[in-house]
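The primary structure of each chain is shown beneath.
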Amino acid sequence: MENINWSELSFGYMKTDYNVRSYYKDGKWSDLEVTDSTQITMHMAATCLHYGQESFEGLKAFKGKDGKVRIFRMRENALRMQSSARGIMMAEFPTELFEKAVVEVVKRNERFVPPYESGASLYIRPLLIGTGAEVGVKPAKEYLFVIFVTPVGPYFKEGFKPTPYVIMRGFDRAAPHGTGTIKVGGNYAASLVAGEIAHQKGYSAVLYLDAKEKKFIDECGPANFFGIRDNTYITPESSSILPSITNKSLMVLAEELGMKVERRPIPVEELNTFEEAGACGTAAVISPVSRIDDLDENKSYVFSKDGEPGPMSVKLYEKLRAIQYGDEEDKYGWITVVG
Ligand code: PLP
Ligand code: COI
């Protein structure tokens, strides 16, 4: 792959060699199919096009110093996609088949897994859509599962540098009893306008508050949120945020680093007390937060004055990355080694 400048990659799409698919029909999933076509042909009345029967996942594979490729916590993504499927009445894709598909698509595209030194990774994107034709609002009888991969660099172009976030009460991404806890396309469509305004104003992303009362912190558009105070890792509990696998991992690592962990509702004013803050997710890894501007209340919460991430964020980031790239022992069984 002599033409790819691995260390300059951004978080974008690049064509790779193969994708893997499975089709659900007459109540069962087909064997995996490997194809080099990037196209999907479907009925114009497919439910994914009209009624949002769509869910996706995001996970990564990393090349270690030893040249081995490591996939991070893929079982968690399989389970979350099943939860998403139940949430919008799609056929659930079985765990073993999901894992088999991930391994297959990574192996088939191994030449696109960025080298260790680049700090880049292979992003794996599973997709589940309703393909059966319906006109009334009801779930499809047929589904398509696809996984493609693409090599990526940092989600936010600054990488592991603190960047500003913004609170804007005029926008919600998910309602308390809505679809915020599952990974469905509609949540992201709902975040586009606010996200675009935030970008235009120079922010990395919107920090959403709970939609009902606007009192508590929910999450960012594409990532969970955490704050650090008194050696404690504090992250929101809410009925409208995605259960992030990165966040779940960081909570384990924080404890290992001797920190306390609190998962509970976080009132907006508590931002005042945090020594560090960050956004976390597969794509974002840890993206340190320099400042949060609350535009409605005309307030700013500052976490990084010198443009550098805080010490605990650095420790958490390095520990997570060390496990993902195989520099540190995988004592929690989070890694699947391929090749
Ligand atoms: N929250 C939202 C809304 C996301 O889209 C993501 C990305 O997947 C996350 C949080 C982080 O989740 P994970 O760490 O499982 O990637
Ligand atoms: C991820 O972190 O994998 C995400 O899905 C975030 C974004 C690309 C939607």
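Heads up: the structure comes first, above all this text.
Predicted model only: the values in this text are computed from it and were never measured.

K.L.:
Which parts of the structure should I look at to understand the overall build of the protein chain?
P.N.:
For the protein chain, the count of helices and strands is seven helices and 18 strands. The C-alpha radius of gyration of the protein chain comes to 20 Å, within 12% of the 20 Å expected for a compact globule of 339 residues. Along the longest, intermediate and shortest principal axes, the C-alpha atoms of the protein chain span 55 × 50 × 35 Å. Within the protein chain, buried positions represent 55% of all 339 residues. Counted over contacts in the protein chain with a minimum sequence separation of 6, partners at least 24 positions apart contribute 72%. Carbon and sulfur atoms provide 51% of the accessible area of the protein chain, an area that totals close to 15,200 Å².

K.L.:
Help me out: how do you make sense of the site of ligand 2 in this one?
P.N.:
Taken together, F11, F56, G58, Y123, R125, Y155, K183, Y188, P222, T282 and A283 are the residues near ligand 2. Between Y123 and ligand 2, the recorded distance is 2.7 Å, taken from a side-chain N or O atom to an oxygen atom. For ligand 2, an oxygen atom lies 2.7 Å from a polar atom in the side chain of K183. Taking 280 Å² as the accessible area of ligand 2 by itself, protein coverage stands at 90%.

K.L.:
Mind showing me how you'd approach the site of ligand 1 here?
P.N.:
Not every one of the 16 residues close to ligand 1 is listed here, only the nearest: Y188, E219, S244, T246 and T282. Within the side chain of E219, an N or O atom sits 2.6 Å from a nitrogen atom of ligand 1. Mapped onto the shell around ligand 1, the elements with two or more residues apiece are α6 (245-256) and β15 (276-281). Classifying every residue of the shell around ligand 1 by side-chain character gives six nonpolar, six polar and four charged.

K.L.:
Sorry, what's going on with helix α7 (residues 311-324) here?
P.N.:
Residues spaced three or four apart along an α-helix point in a common direction, a consequence of the helix completing one turn every 3.6 residues. Its 14 residues give α7 an end-to-end C-alpha distance of 20 Å, which sits within 8% of 20 Å, the value for a rise of 1.5 Å per residue. Along α7, ten of the 14 residues are buried, which leaves the element largely enclosed by surrounding structure. Residues M312, S313, L316, Y317, K319, L320, R321, A322, I323 and Q324 constitute the buried set of α7. Of the residues flanking the end of α7, it is G326, one or two places downstream, whose phi is positive at about 80°.

K.L.:
Even after reading the chapter, I still don't get the packing of helix α2 (residues 74-87) against helix α3 (residues 95-108), so can you show me in this structure?
P.N.:
When two helices pack together, their arrangement is captured by the angle between the axes and the distance separating the axes. At a minimum axis distance of 9 Å, the contact between α2 and α3 shows a crossing angle of 130°. Classified by the angle their axes make, α2 and α3 are oblique. For the pair α2 and α3, the crossing hand works out as right-handed. Only T95, E96, F98, E99, V102 and V103 of α3 make contact with α2, whose side of the interface consists of M74, R75, N77, A78, L79, M81 and Q82. Across the contact of α2 with α3, the residue classes break down as seven nonpolar, three polar and three charged.

K.L.:
Looking at this model, I keep getting lost on the nonpolar core. Mind explaining?
P.N.:
The tendency in soluble globular proteins is for nonpolar side chains to be buried as a group. Residues W29, I71, V102, V106, I124 and F145 are the most contacted members of the largest nonpolar core, which totals 39 residues. Those elements that provide at least two residues to this core are β1 (19-25), β5 (59-63), β6 (69-72), α2, α3, β7 (121-130) and β8 (143-152). Beyond its immediate chain neighbours, meaning those up to four positions away, F145 contacts V20, R21, S22, W29, M81, F93, F98, A101, P126, L127 and L128.

K.L.:
What is the right way to read the environment of E117 from this model?
P.N.:
Tracing the backbone shows E117 in the loop between α3 and β7. Of the residues examined, E117 reaches a relative accessible area of 67% and is grouped as exposed. Separated by 29 residues in sequence, E117 and V146 have C-alpha atoms that sit 30 Å apart.

K.L.:
What am I meant to see in the packing of aromatic side chains here?
P.N.:
Any two aromatic rings considered together are summarised by their centre-to-centre distance and by the angle between their planes. By the definition in use, this model includes 17 aromatic pairs. Judged by centre distance (5.9 Å) and plane angle (65°), the rings of Y24 and Y143 are edge-to-face. With Y24 in strand β1 and Y143 in strand β8, the pair connects residues that are 119 residues apart, well separated along the chain. Residue classification places Y143 among the buried positions, given a relative accessible area of 3%.

K.L.:
Honestly, the pattern of salt bridges in this entry has me stumped. Any pointers?
P.N.:
Where charged atoms from two side chains of opposite charge approach closely, those side chains can pair. For the structure on display, the rule yields 27 salt bridges. With a closest N to O distance of 3.3 Å, K157 and E158 form a salt bridge. Residue class for E158 comes out partly exposed when judged on its relative accessible area of 34%. Here D172 ties to K214 by a salt bridge, and the two come within 2.3 Å at their closest N and O atoms. Taken together, the residues D172 in the loop between β9 (163-167) and α4 (185-189) and K214 in the loop between β10 (205-209) and β11 (217-220) connect sequence positions 42 residues apart. Look at the salt bridges and you will find they share partners, linking R229, E262, R264 and E270 into a network.

K.L.:
Explanation requested: the packing of α6 against α7 in the structure shown.
P.N.:
Between α6 and α7, whose axes approach to 10 Å, the crossing angle comes to 110°. The orientation of α6 relative to α7 falls into the category roughly perpendicular. In the packing of α6 onto α7, the handedness of the crossing is right-handed. Side by side, α6 and α7 meet where T246, S249, L250, L253, A254 and E256 of the first sit next to L316, K319, L320 and I323 of the second. Looking at side-chain class alone, the contact of α6 with α7 contains six nonpolar, two polar and two charged residues.

Reading the values: rules and limits
Residues numbered from 1 in each chain as written. Chains lettered and ligands numbered in written order. Predicted model: local features only at pLDDT ≥ 70, side-chain atom pairs only at ≥ 80, totals over all residues. Heavy atoms only, no water. Helix = DSSP H or I, 4+ residues; strand = E, 2+ residues; numbered from the N terminus. Rg over C-alpha atoms; globule rule 2.2 N^0.38 Å. Buried < 20%, exposed > 50% of the residue type's maximum accessible area, 1.4 Å probe, protein only. Contact = heavy atoms within 4.5 Å. Areas by Shrake-Rupley, 256 points an atom, 1.4 Å probe, with all protein chains shown as cover. Near = heavy atom within 4 Å. Polar contact = N/O pair within 3.5 Å; in protein donor to acceptor, adjacent residues only side chain to side chain. Nonpolar A, V, L, I, M, F, W, Y, C, P; charged D, E, K, R; others polar. Expected span 1.5 Å × (residues − 1). Axes fitted to C-alpha atoms, helices over the stretch in contact; angles between N-to-C directions. Parallel < 35°, antiparallel > 145°, perpendicular 65-115°, else oblique. Left-handed = near helix turned anticlockwise from the far one by under 90°. Core = buried A, V, L, I, M, F, W, Y, C linked by side-chain atoms within 4.5 Å. Phe/Tyr/Trp six-rings, centres within 6.5 Å; stacked < 30°, edge-to-face > 60°. Salt bridge = Lys/Arg side-chain N within 4 Å of Asp/Glu carboxyl O.

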